[in-house]
Structure formats: C-alpha cells, structure tokens
Amino acid sequence: MPDSLPFVSDGSLDKDTALAHQLAVQRTRRPVDPLLSLVVPVFNEEESIAVFLATTVPLLERDGLRFEIVFVNDGSRDNTFARLFQRSRLDGRLRIVNLSRNFGKEAALTAGIDHARGDVLIPMDIDLQDPPELIAAFVTRWREGYDIVYGIRTARHTDTPAKRLSAGWFYRVFNSMSPVRIPPNVGDFRLVDRRAVEVLRQLPERNRFMKGLFAWVGFSSVGVPYERPERAAGTSKFNFWRLWNFAIDGVVSFSTAPLRAWFYVGLAIAMVAVLYALFIITRVLIFGVDTPGYASLLIAVLLMGAIQLLSLGIIGEYLGRLFVEVKGRPIYIVEGVYEDGTTEPPKP
Ligand code: UDP
Ligand code: MG
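Chemist: So, the nonpolar core: which residues are in play, and what are the values?
Modeler: Membership of the largest hydrophobic core comes to 37 residues, with the highest contact counts inside it found for Leu36, Leu38, Val40, Phe52, Ile69, Phe71 and Ile135. In terms of nonpolar packing, the next biggest core, distinct from the first, is built from 36 residues, Val70, Ile148, Val186 and Phe214 among them.

Written as structure tokens, this is what we have:
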C-alpha cells in the first residue's frame, strides 16, 4: 500500500490527475465491510422515531450495509427518550447518547460524532428530510476514494420562498466573507470518512457551526444531488430567530470581516464629517457666522462619535468571542449512554 502519492514531479500532472491519484490511494485503504454510523440528533421527535426506523433500517439491511445508529437526545421534553430506549432494547445496533438538557443541534451533532464508532459517519435528521435511500450512493462514492460525500439539495420547493431567499443570501454573504467556502444548498447530511472525523474532533471551539467546520477540515469531497422531501412527521424546530442567530454564529465564527467592516464604516463617517466641515467652513467664510461655535461643535461630536463607535465595536466583537471560548465550558453534557438495554432509563 503506497503511503505517499505516486507523483512523478515533472510538472505535467494537472489538477484532475492529482485528484485521481489521491482517490486511487484512498480506494485501496477502504475496508471491505465498513461500519456505518448514522448520527441522529433528536429534540422532541416522538412522532418521527417509528417512521424513521421503519424506513431506514430495512433500506440499509437490503443494501447489505453494516451499521449502528447513534441517537442524541438533545434534552427532549416529550416521550422521545422513552421511545428510543424501548427501541434500543430490541436492537443492539441502536445507541442513545442522552444529553443533560437541550444544547442545540450543532452541539448534539458534536456529541453524536464523539460517540460514533463507525468507519464512516453519516449525520442525518430524523424527519426523513435527509433521504436514507441516498446512503448507498454515498457509500459508492466513498469507495471511489472520496473522504466526504455530501448531499446537495437540488429543489428546495418544500421550503417557503422566504427561507429559500434568505438561505441563498446566507451562502452568498458567508462565502464572500469567509476564507472557507461552503457549497450552497448543502446541509449536514453527508458521509464523512473516519480520518476527516478525527480531524474534526480536534477542533476545540465552542461555537460549532458544523457545515463550516466540515468545510474547514477539507479532504477530497464530492456532492450527490437529491430532492429534499417534506418533513415525515412532527414540526420544524427552527423558527426565524433560531435560523437568524444560526446564520450570525456561522459568519462570526468563520470570518473576521464583520470586525474589519467597522473600520470602513468609521472611515466613511469620518470622511463625511470632514466634507461637512469643509462645507460649513466655506459657508462661514462666504456668508459669515450665523451661530457661533455651532459648526466646530457638530464636527467634533460627529467625528469623535464615529471613531469611538468604531473602536468599541471592534473591541466588543473580540471580547465577546474571547469570553465564550475562555470560559472553556464543555460543548455538551452527557447524562448517560444507553445501549443493549443494559441500563435502566431514569425515572420520569
Ligand atoms: N434538533 C436537535 N436539537 C435542537 C433542534 C433540532 O437535535 O435544538 C434536531 C431535530 O430533532 C432534527 C434535526 O435537528 O432531527 C433537524 O431539525 P428540523 O427538522 O427541525 O430542522 P429543519 O429541517 O426544519 O431545518
Ligand atoms: Mg427537518
């Protein structure tokens, strides 16, 4: 098994040939019968569990894939945990990572990734909006040597026009500001090889914008298009404000452009103030003084205000993020891990 890429450095290899070599090397390292870990964060999803398992498990069995399903119960307040526990007693391939409270989807996903044992990981939603039929196609591309295979939503007609529009804007803004590019219309639904997972797990930040982290990790990736269906059961957990904050977290944790923007805002205001000053001074020179001291006062207030806002804004952004990271609190807290029905569930 060659350890380095079989390059002849005569400069004649183009990008595609290089990728072909990279893939060829990875191909030889693929285990014949890989263990798939489906990582499924769940929050108040009691209606979705049965339909998810009834759809996903037979599909994987039909395709002869070896798998485990790691459910992360993200502090559900309904019967989600009880139902998952019941199912995990009947099927040793199911595992439940029970978080101590709701930590949000990104943290839940991180918990699931930390507890998965598979050769490849597949984060997916429980509402069947990430179609399990795609898993076999993911595995095929992975066998070709790709380390990350992500699903691309071709049609978003199940989303409202407002959501589609805001999503489009988000990708544009994010990609114009961040040095890491995330492909548009790609969610968390993807297949990730163990070696990319291990790199991802080294990333210590508290602010876990998973799509961004996956993109940051790099490795050879390829997309598989799919149509995103409607939610099979239950309701969406993301309202407008949650999505808005999610978008801000994403941009702020991957780009310092918002910090730098304040500098230019301040500069623009200062320039306007200078122009205004010139205007007032000229007017005074030509027409004489109308309100003594007024012009110089206004100019000073505008100019200083702009400069102060600018510096405060910059310091505030840095401080806010340092604060969160410096506290160093864990990303999630596990109440318990349940599998094989070996542990009794906590009393409700
Ligand atoms: N989810 C979670 N914690 C949360 C919110 C959501 O684990 O705080 C899970 C949820 O149970 C589902 C997935 O994240 O499995 C995606 O959520 P949803 O389908 O509501 O999002 P949408 O598809 O509407 O963007
Ligand atoms: Mg959904």
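There is more to say, and it comes next.
Chemist: I'd like a rundown of the coordination of the magnesium ion (ligand 2), residues and numbers included.
Modeler: The protein atoms that coordinate the magnesium ion (ligand 2) are Asp127 (OD) and Gln129 (OE1), at distances of 1.9 to 2.0 Å. Taken individually, Asp127 and Gln129 each receive the classification buried, so the pair is uniform in this respect.

Chemist: Give a description of the sheet that holds strand β6 (residues 186-193) that names residues and reports values.
Modeler: Pairing is mixed across the open sheet formed by eight strands, whose spatial order is β7-β5-β6-β4-β1-β2-β3-β8. The sheet terminates laterally at β7 (221-226) and β8 (334-339), the two strands that pair on one side only. If you compare each strand with its neighbour and ignore which way they point, the axes differ by 20 degrees on average. With four bridges joining them, strand β5 (residues 148-153) and β6 adopt antiparallel strand pairing. The residue of β6 that forms the bridge with Ile148 is Val192. Along the sheet face, helix α4 (residues 105-115) touches β1 (35-42), β2 (66-73), β3 (94-99), β4 (120-123), β6 and β8 and points at about 155 degrees away from the line of β1.

Chemist: Lay out unusual backbone geometry in plain terms, naming residues and giving numbers.
Modeler: We note that Asn44 has phi near 50 degrees; this positive angle belongs to a residue other than glycine. Along the chain, Asn44 turns up in the loop between β1 and α2 (48-62). Classification of Asn44 by relative accessible area gives partly exposed; the value is 21%. Positive phi outside glycine occurs at Leu128, with the angle close to 65 degrees. Within the secondary structure, Leu128 sits in the loop between β4 and α5 (135-143). Leu128 sits in the buried class, given a relative accessible area of 12%.

Chemist: Quick rundown of the pattern of salt bridges? Include the residues and the values.
Modeler: Applying the stated criterion across every chain yields a total of 17 salt bridges. Between Arg30 and Asp193 there is a salt bridge; the shortest N-O distance is 3.3 Å. Remark: Asp193 occurs in strand β6 and Arg30 occurs in the loop between α1 (15-29) and β1; sequence separation between them is 163 residues. Exposure class is identical for Arg30 and Asp193. Each is buried. With its nearest N and O atoms 3.2 Å apart, the salt bridge here joins Arg117 to Glu339. Placement of Arg117 in the loop between α4 and β4 and of Glu339 in strand β8 is noted, with a sequence separation of 222 residues between them. Taking the relative accessible area as the measure of exposure, Arg117 reaches 52% and is therefore exposed.

Chemist: Lay out the packing of aromatic side chains with the relevant residues and their values.
Modeler: With the rule as written, the count across this model stands at nine aromatic pairs. Measuring from centroid to centroid gives 5.6 Å for Phe170 and Tyr171, while their planes differ by 65 degrees, and the two rings are edge-to-face. A centroid spacing of 6.1 Å and a plane angle of 70 degrees characterise the contact between Phe170 and Phe209, whose relative ring orientation is edge-to-face. Taken as a pair, Phe170 in helix α6 (residues 161-177) and Phe209 in the loop between α7 (194-202) and α8 (210-217) lie far apart in primary sequence, 39 residues in all. Neither Phe170 nor Phe209 differs from the other in exposure class; each is buried. One aromatic cluster is present, formed by Phe81, Phe85 and Tyr338 through successive ring pairs. Residue placement shows Arg101 over the ring face of Phe103; its charged tip is 3.9 Å from the ring centre. Here Arg172 stacks its cationic end above the ring of Trp169, 5.0 Å away from the centre of that ring.

Rules used throughout
Residues numbered from 1 in each chain as written. Chains lettered and ligands numbered in written order. Predicted model: local features only at pLDDT ≥ 70, side-chain atom pairs only at ≥ 80, totals over all residues. Heavy atoms only, no water. Core = buried A, V, L, I, M, F, W, Y, C linked by side-chain atoms within 4.5 Å. Buried < 20%, exposed > 50% of the residue type's maximum accessible area, 1.4 Å probe, protein only. Donors = N, O, S within 2.8 Å, 3.2 Å for Na, K, Ca; no water. Pairing = 2+ DSSP bridges. Helix = DSSP H or I, 4+ residues; strand = E, 2+ residues; numbered from the N terminus. Axes fitted to C-alpha atoms, helices over the stretch in contact; angles between N-to-C directions. Contact = heavy atoms within 4.5 Å. Salt bridge = Lys/Arg side-chain N within 4 Å of Asp/Glu carboxyl O. Phe/Tyr/Trp six-rings, centres within 6.5 Å; stacked < 30°, edge-to-face > 60°. Lys NZ or Arg CZ within 6 Å of the ring centre and 35° of its normal.

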